[in-house]
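Residue-level listing of the chains:
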Amino acid sequence: MREDGAKRAVSGVLVKVLVHRRDDRGMRLEPYASRCVRQGELHELVTTDHTGTEEGTRIDRVGFLGFVEIGTAGVVDRGDELWLGDTRVGTVLGFDACHFPNHYNILVHSEHPRTGADLRLRPELPVRFQPRPL
């Protein structure tokens, strides 16, 4: 059974750059493959080289990119591409809610955990969650 149809991209701007990484973070994947995000919300962007998507999967190797302010509300799905400016960073792996309702950690799979410093990020950089092709 097919559930998903077309959707618009979710976009925003980077409001804070983070520059650290951890090998023992202990985040846990939520059971959800998607999350709705509202205009004005802040969420944290975190890269990882982990690939498992089962509920509760422990995510230790991470690089912190920063916080995004959502400008265009919508639905962020596992598999959406994360773009920071003109750079494709990776694909959404899932969500960690250890800080919710303050914010979600949006976990993004990339070849290596990368930080805001690695990518030379700066505040006000455009952020986009591009839907995967149907």
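Here goes a summary of the coordinates provided. (Residues numbered from 1 in each chain as written. Predicted model: local features only at pLDDT ≥ 70, side-chain atom pairs only at ≥ 80, totals over all residues. Heavy atoms only, no water.)

**A short note on the pattern of salt bridges**
In this structure the tally under the stated criterion is seven salt bridges. Arg 21 is the partner of Asp 118 in a salt bridge, and the nearest nitrogen-oxygen pair spans 2.6 Å. Here the residue Asp 118 occupies a position in the loop between β11 (105–109) and β12 (126–130), and Arg 21 occupies one in strand β2 (residues 21–22), the gap between them amounting to 97 residues. Here Arg 22 makes a salt bridge to Asp 24, at a shortest N to O gap of 2.9 Å. You can call Arg 22 partly exposed: its relative accessible area is 35%. Put simply, Lys 7, Asp 77 and Asp 80 are held in one network by salt bridges that share partners. (Salt bridge = Lys/Arg side-chain N within 4 Å of Asp/Glu carboxyl O. Helix = DSSP H or I, 4+ residues; strand = E, 2+ residues; numbered from the N terminus. Buried < 20%, exposed > 50% of the residue type's maximum accessible area, 1.4 Å probe, protein only.)

**Topic: the nonpolar core**
Counting residues in each nonpolar core, the largest one holds 21 residues, and the members touching the most others are Leu 45, Leu 82, Leu 84, Ile 106, Val 127 and Phe 129. Secondary structure elements with two or more residues in this core: β1 (10–17), β7 (62–72), β9 (81–84), β10 (87–96), β11 and β12. Ranked by size, the runner-up nonpolar core spans ten residues in total, among them Leu 18, Val 46, Val 62 and Phe 67. (Core = buried A, V, L, I, M, F, W, Y, C linked by side-chain atoms within 4.5 Å.)

**Focus on the pairing of β7**
Within β7, eight of the eleven residues are buried, which leaves the element mostly enclosed by the surrounding structure. As paired strands, β1 and β7 are joined by six bridges and run antiparallel to one another. The residue bridging Gly 12 from the neighbouring strand is Ile 70, located in β7. Bridging between β2 and β7 involves two bridges; their strand directions are antiparallel. By the bridge assignment, Arg 21 is partnered in β7 with Gly 63. Pairing geometry for strand β5 (residues 42–48) and β7, over seven bridges, is antiparallel. Among the inter-strand pairings, Glu 44 is bridged to a residue of β7, identified as Phe 67. (Pairing = 2+ DSSP bridges.)

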